Amino acid sequence: MVFLLPYMEFKFGATLGHQLFNLKVYSLSGRPPSFSQCLKRRIADLADFSFYGIVGIIIITQSSKHQRAGDHWAKTYVVDIKDPMQMEHINNSQGEWVF
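Residues numbered from 1 in each chain as written. Predicted model: local features only at pLDDT ≥ 70, side-chain atom pairs only at ≥ 80, totals over all residues. Heavy atoms only, no water.

Engineer: Would you mind showing me how to read helix α3 (residues 35-43) here?
Structural biologist: Each α-helix turn comprises 3.6 residues. Residues three or four places apart therefore point the same way. Here α3 has its buried residues at Gln37, Cys38, Arg41 and Arg42. End-on view of α3: buried residues confined to an arc of 135 degrees, all on one side of the axis. Looking at the buried side of α3, the elements it contacts are α1 (4-12), α2 (16-20), β1 (23-27), α4 (45-48), α6 (69-74) and β2 (76-80). (Buried < 20%, exposed > 50% of the residue type's maximum accessible area, 1.4 Å probe, protein only. Helix = DSSP H or I, 4+ residues; strand = E, 2+ residues; numbered from the N terminus. Arc of directions from axis to C-beta. Contact = heavy atoms within 4.5 Å.)

As structure tokens, then:
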């Protein structure tokens, strides 16, 4: 079970929950994430969801890229694939993704 969510993000770019909301995980370079990046994101769930998610909310609101702790550590971000602006940044990405 520990490796199921990272595997799904690595293989499909999203978990089932992400897929329901048209979300997908990318590395900051705009490429699909590596397995180690996906694993880091899930390990950091403990920090992100502690105290009923308050820690995660604080981190997200203070982040210029609206990333949670797991995304900061793994150098990833989650985008809405139905949002043309977000997808345009991915398609034109060269190095760091610019918000």
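Engineer: Explain the environment of Leu4 to me, please; I cannot follow it from the model alone.
Structural biologist: Its location among the elements puts Leu4 in helix α1. Between the C-alpha atom of Leu4 and that of Leu39, which follows or precedes it by 35 residues, the distance is 9.7 Å.

Engineer: Could you clarify how one ought to interpret unusual backbone geometry in this entry?
Structural biologist: Excluding glycine, a negative phi dihedral is what most residues carry, and trans is how most peptide bonds are arranged. Phi angles above zero are rare outside glycine, and Phe51 is one such case at about 55 degrees. Even without being glycine, Tyr52 reaches a positive phi, approximately 60 degrees. For Tyr52, the location among the structural elements is in the loop between α4 and α5 (54-62).

Engineer: I keep staring at a nonpolar patch on the surface and nothing clicks. Help me out?
Structural biologist: Taken together, the side chains of Phe51, Tyr52, Ile54 and Ile58 present a nonpolar region at the surface, about 560 Å² in accessible area. Here Phe51 lies in the loop between α4 and α5. (Patch = residues over 30% accessible without salt bridge, like charges linked within 9 Å, V, L, I, M, F, W, Y side chains within 5 Å. Areas by Shrake-Rupley, 256 points an atom, 1.4 Å probe, with all protein chains shown as cover. Salt bridge = Lys/Arg side-chain N within 4 Å of Asp/Glu carboxyl O.)

Engineer: Would you take a moment to explain the packing of aromatic side chains for this structure?
Structural biologist: The description of an aromatic ring pair uses the distance of the two centres, along with the angle that the planes make with each other. Going through the model one piece at a time under the given rule, you end up with three aromatic pairs. Ring geometry for Phe3 and Phe35: centres 6.2 Å apart, planes at 25 degrees, overall stacked. Of this pair, Phe3 sits in the segment before α1 while Phe35 sits in helix α3, and the two are 32 residues apart along the sequence. A residue is classified by how much of its surface remains accessible, and Phe35, at 27% relative accessible area, is partly exposed. Residues Phe10 and Phe35 carry aromatic rings whose centres are separated by 6.0 Å and whose planes lie at 90 degrees to one another, so their mutual orientation is edge-to-face. Residue Phe10 is located in helix α1, and its partner Phe35 is located in helix α3; the two are separated by 25 residues in the primary sequence. The partly exposed category is assigned to Phe10, whose relative accessible area is 39%. (Phe/Tyr/Trp six-rings, centres within 6.5 Å; stacked < 30°, edge-to-face > 60°.)

Engineer: Sorry if this is basic, but what is going on with the packing of α1 against α3 here?
Structural biologist: Helices that pack against each other are described as a pair by the angle of their axes relative to one another and the distance between those axes. Between α1 and α3, the shortest axis-to-axis distance is 8 Å and the interhelical angle comes to 135 degrees. Of the possible angle classes, the one that applies to α1 and α3 is oblique. Considering only the axes of α1 and α3, their crossing is right-handed. Residue-level inspection shows Leu5, Pro6, Tyr7, Glu9 and Phe10 of α1 in contact with α3, the latter providing Phe35, Cys38, Leu39, Arg41 and Arg42. In terms of residue class, the contact of α1 with α3 is built from seven nonpolar, no polar and three charged. (Axes fitted to C-alpha atoms, helices over the stretch in contact; angles between N-to-C directions. Parallel < 35°, antiparallel > 145°, perpendicular 65-115°, else oblique. Left-handed = near helix turned anticlockwise from the far one by under 90°. Nonpolar A, V, L, I, M, F, W, Y, C, P; charged D, E, K, R; others polar.)

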